[in-house]
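Fold and contact review
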Amino acid sequence: MHDRIAMYNGNALKIGLFGANCSSGRCATTVPERWSASWPDCLKLAQLADQAGLDFMLPIARWKGYGGTTDFHGHSLETITWAVGLLAATERLTVFGTVHAPLFHPLIAAKEFVTADHIGEGRVGVNIVVGWNEGEFDMFGVRQREHDARYDYAQEWIDVVKQAWSCDGTFDYDGQFLKLTGARAYPKPFGGTRPLLMNAGSSEVGQAFALKNCDAFFVATAGSRTSLAGNATKVAEIKAAARAFGRDIEVFTVGQVICRPTQQEADDYYRHVNIDNADWAAIDGMLANKSITPQTIPPDEYDNKRRYFAANAIGGYPFVGTPDRVAEELAVISQAGVLGIGVSFVNYLAEVPYFCAEVLPRLERAGVRVKM
Ligand SMILES: Cc1cc2nc3c(=O)[nH]c(=O)nc-3n(C[C@H](O)[C@H](O)[C@H](O)COP(=O)(O)O)c2cc1C
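Positions within a chain are numbered from 1, following the residues in the order the chain's sequence is written. Only residues with pLDDT of at least 70 are given local features in this predicted model, and only at 80 or more are side-chain atom pairs given and counted; all residues enter the totals for whole chains, interfaces and linings. For side-chain calculations, the full set of non-hydrogen atoms in the structure is used, while hydrogens and water are omitted.

Turning our attention to the site of the ligand. We call a residue near a given molecule or strand whenever any one of its heavy atoms falls within 4 Å of it. Neighbouring residues of the ligand: 18 residues in total, closest Ala-61, His-147, Tyr-151, Ser-202 and Ser-203. Take His-100: an N or O atom from its side chain is 3.1 Å from an oxygen atom of the ligand. Any pair of N or O atoms that falls within 3.5 Å is considered a polar contact. Within protein, one atom must be able to donate a hydrogen and the other to accept it, and sequence-neighbouring residues count only if both atoms are side-chain atoms. Trp-132 is positioned such that a nitrogen or oxygen atom in its side chain is 3.3 Å from a nitrogen atom of the ligand. Spatially, the ligand is embedded in the largest pocket. Here a strand is any run of E in DSSP of at least two residues, a helix any run of H or I of at least four, and the numbering for each starts at the N terminus. Elements with a minimum of two residues in the shell around the ligand: strand E3 (94–100), strand E4 (124–129) and helix H6 (147–166). Residue composition of the shell around the ligand, grouped by class: 9 nonpolar, 8 polar and 1 charged. For each structure, a 1 Å grid was placed over the protein atoms alone; sets of points admitting a 1.4 Å probe that cannot get out are labelled cavities, open sets with protein on both sides within 12 Å along at least five of seven lines are labelled pockets, and lining residues have an atom within 4 Å of a point. What decides whether a molecule sits in a cavity or pocket is whether more than half of its atoms lie within 2 Å of the grid points. Side-chain classes follow a simple rule in which Ala, Val, Leu, Ile, Met, Phe, Trp, Tyr, Cys and Pro form the nonpolar group, Asp, Glu, Lys and Arg form the charged group, and the remainder, Gly included, forms the polar group.

In structure tokens form, the structure reads like this:
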């Protein structure tokens, strides 16, 4: 598994693109240049990222838009089929598919990921999510389980998937939720290992699930240069908690990047996109999915939450500034022990080339990435 988690390269800090399969990516904004998430744009982006030496692409499994002026995330390419297309068209990138355990039968998911893994020759990853978005489950006619029971189900789900990937011959499974008889799955994953597994649960039970079962744990907030010590402590705590389960885990995080030649330009654009032109109705829709409304919490608390979601691109530190500043902050994250970060851009195709040309060489000089 070492080569898989290293994403087949020597970069101490892995950098990936997060959210490109969904319209507007990770920024609920009305600006006209917001991300389309069309297939031609995704394909161009993946090939550009592959050639520039970025490490991974992480999609968002989203089935229904959040409404608002833009119907934020209203257009989303299904993540496993998206990953398959991108893996076939690239050579180096690891591409994740994100799967809602309660919506996909584990044997079908196991087989889909094996197929993707053979197409990508060992470059597919799996993000296991249990779902938090009530409206989405209603649309399938599937009832969401009570919070912690979602992870009980996910435990059985991942046990079945791992058995399908590893068991030579036929197996039965007799769980509380899943009962399988005479299950058999061939071929096995590429190269005698298995796809990378990640999870991003933020609750205690979600984190425990990740530590017990996954190779990578994504946290939404891994701070800034001002909280280096705090980050290092957090990463150390997560790794120690994993060791208590007899496992090693790598910590990843997410963020938004707005990188411009001057700090003023970056700050102005950040404000223009994230705040002045925020799609506030979409943000309200997203909060309502978490049962957060002006009726359920005090008005000033509600206002803080929606501002937080706008300012942090729906969860994740905003890296806003010159190439020097963005590189410095990313290096700090790496020094805190974070293995990788999934970043989003307002318009990935328009902005990733500048990021790769200016920030990646600075990270090489800082010793956290190697030259391709
Ligand atoms: C990096 C990252 C990626 C995520 N991807 C998805 C996703 O694609 N679909 C989804 O429904 N939830 C996604 N989530 C939400 C988490 O899986 C999780 O449900 C959420 O953090 C709440 O945690 P909990 O389930 O422990 O309560 C993501 C979260 C993060 C930080």
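In this structure, Ile-15, Leu-17, Leu-330 and Phe-355 are the most contacted members of the largest nonpolar core, which totals 81 residues. Of all the elements, H6 adds the most residues to this core, at 9 residues. When sequence neighbours within four positions are dropped, the list of residues in contact with Phe-355 reads Ile-15, Leu-54, Val-257, Val-326, Leu-330, Phe-345 and Leu-360. If you look at the next biggest cluster of nonpolar residues, it comprises 25 residues, including Ala-266, Tyr-270, Met-286 and Tyr-302. Residues belong to a common nonpolar core when they are buried Ala, Val, Leu, Ile, Met, Phe, Trp, Tyr or Cys residues joined through side-chain atoms within 4.5 Å. Residue burial is assigned from relative accessible area. The probe radius is 1.4 Å, only protein chains are included, and a residue is buried under 20% of its type maximum, exposed over 50%, and partly exposed in between. Working rule for contacts: check all heavy atoms of both residues, and any pair within 4.5 Å makes them a contact.

The disulfide criterion used throughout: a pair of cysteine sulfur atoms within 2.5 Å. All told, the structure shown has 0 disulfides when counted by the stated rule. Counting only cysteine sulfurs, Cys-22 is the nearest neighbor of Cys-42, a cysteine outside any disulfide, at a range of 9.0 Å.

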